[in-house]
Amino acid sequence: MANAEKTSSGSDIDEKKRKRKLSNRESARRSRLKKQKMMEDTIHEISTLERRIKEYSERCKVERRRLDSLESENAGLRSEKTWLSSYVRDLENMMATTSLTLTQSGGDEQEANADGDCRRRPWQQYGSDSLQPVASFKT
């Protein structure tokens, strides 16, 4: 009878070992599947991030070119502003000088200009009584 108990108990142990091995195999299979899924997800995320980096890099290049263009245009406008400021200052000086000269001579401005006097206002230099548009002020 003791032998029968050992055999019964031995087969119980064998059955437990078999169940445990089966459980371990199933757990290992689930672990491998989980690891494989995580790896696939990571690879997908990497490719998505690389694609986004490429898109942002291209956008950055476009914006850099746009910035360079705007900075160049800004420099041109600043130069034009400086030139125009100087031009206006020169015109104001010419007007002040003409006005002072006319006042000192005691003559009438209309009479002086009608007589062919060279002390005309700058916008009247070319025989026109109206303002002439300036095509470009770039230096």
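Residues numbered from 1 in each chain as written. Predicted model: local features only at pLDDT ≥ 70, side-chain atom pairs only at ≥ 80, totals over all residues. Heavy atoms only, no water.

### Side note on the overall build of the chain
In terms of helices and strands, the chain carries two helices and zero strands. Counting across all 139 residues of the chain, residues that qualify as buried make up 6%. If you sum the accessible surface of the chain, you get close to 12600 Å²; carbon and sulfur atoms cover 54% of it. (Helix = DSSP H or I, 4+ residues; strand = E, 2+ residues; numbered from the N terminus. Buried < 20%, exposed > 50% of the residue type's maximum accessible area, 1.4 Å probe, protein only. Areas by Shrake-Rupley, 256 points an atom, 1.4 Å probe, with all protein chains shown as cover.)

### A few points about the pattern of salt bridges
Tallying each qualifying case throughout the model produces seven salt bridges. For Arg30, the salt bridge identified is with Glu26, shortest N-O distance 4.0 Å. Remark: Glu26 and Arg30 occur in helix α1 (residues 2–105); sequence separation between them is four residues, near one turn of the helix. The class of Glu26 is partly exposed, set by a relative accessible area of 32%. (Salt bridge = Lys/Arg side-chain N within 4 Å of Asp/Glu carboxyl O.)

### Some remarks on a nonpolar patch on the surface
A cluster of nonpolar side chains, contributed by Trp83, Tyr87 and Val88, occupies part of the molecular surface with about 250 Å² of accessible area. The residue Val88 is located in helix α1 in this model. For Val88, a relative accessible area of 41% corresponds to the partly exposed category. (Patch = residues over 30% accessible without salt bridge, like charges linked within 9 Å, V, L, I, M, F, W, Y side chains within 5 Å.)

### What to know about the packing of aromatic side chains
All told, the structure shown has one aromatic pair when counted by the stated rule. Between Trp83 and Tyr87 the ring centres are 5.2 Å apart and the planes differ by 10 degrees, which places this aromatic pair in the stacked class. Of the two residues, Trp83 and Tyr87 are both situated in helix α1; the distance of four residues between them amounts to about one turn of the helix. For Trp83, a relative accessible area of 31% puts it in the partly exposed group. We classify Tyr87 as partly exposed; its relative accessible area is 35%. (Phe/Tyr/Trp six-rings, centres within 6.5 Å; stacked < 30°, edge-to-face > 60°.)

### With respect to the side chain of Thr98
By secondary structure assignment, the location of Thr98 is in helix α1. According to the relative accessible area criterion, Thr98 is buried, its value standing at 13%. Separated by 2.8 Å, the side chain of Thr98 and the backbone oxygen of Met94 make a polar contact. (Polar contact = N/O pair within 3.5 Å; in protein donor to acceptor, adjacent residues only side chain to side chain.)

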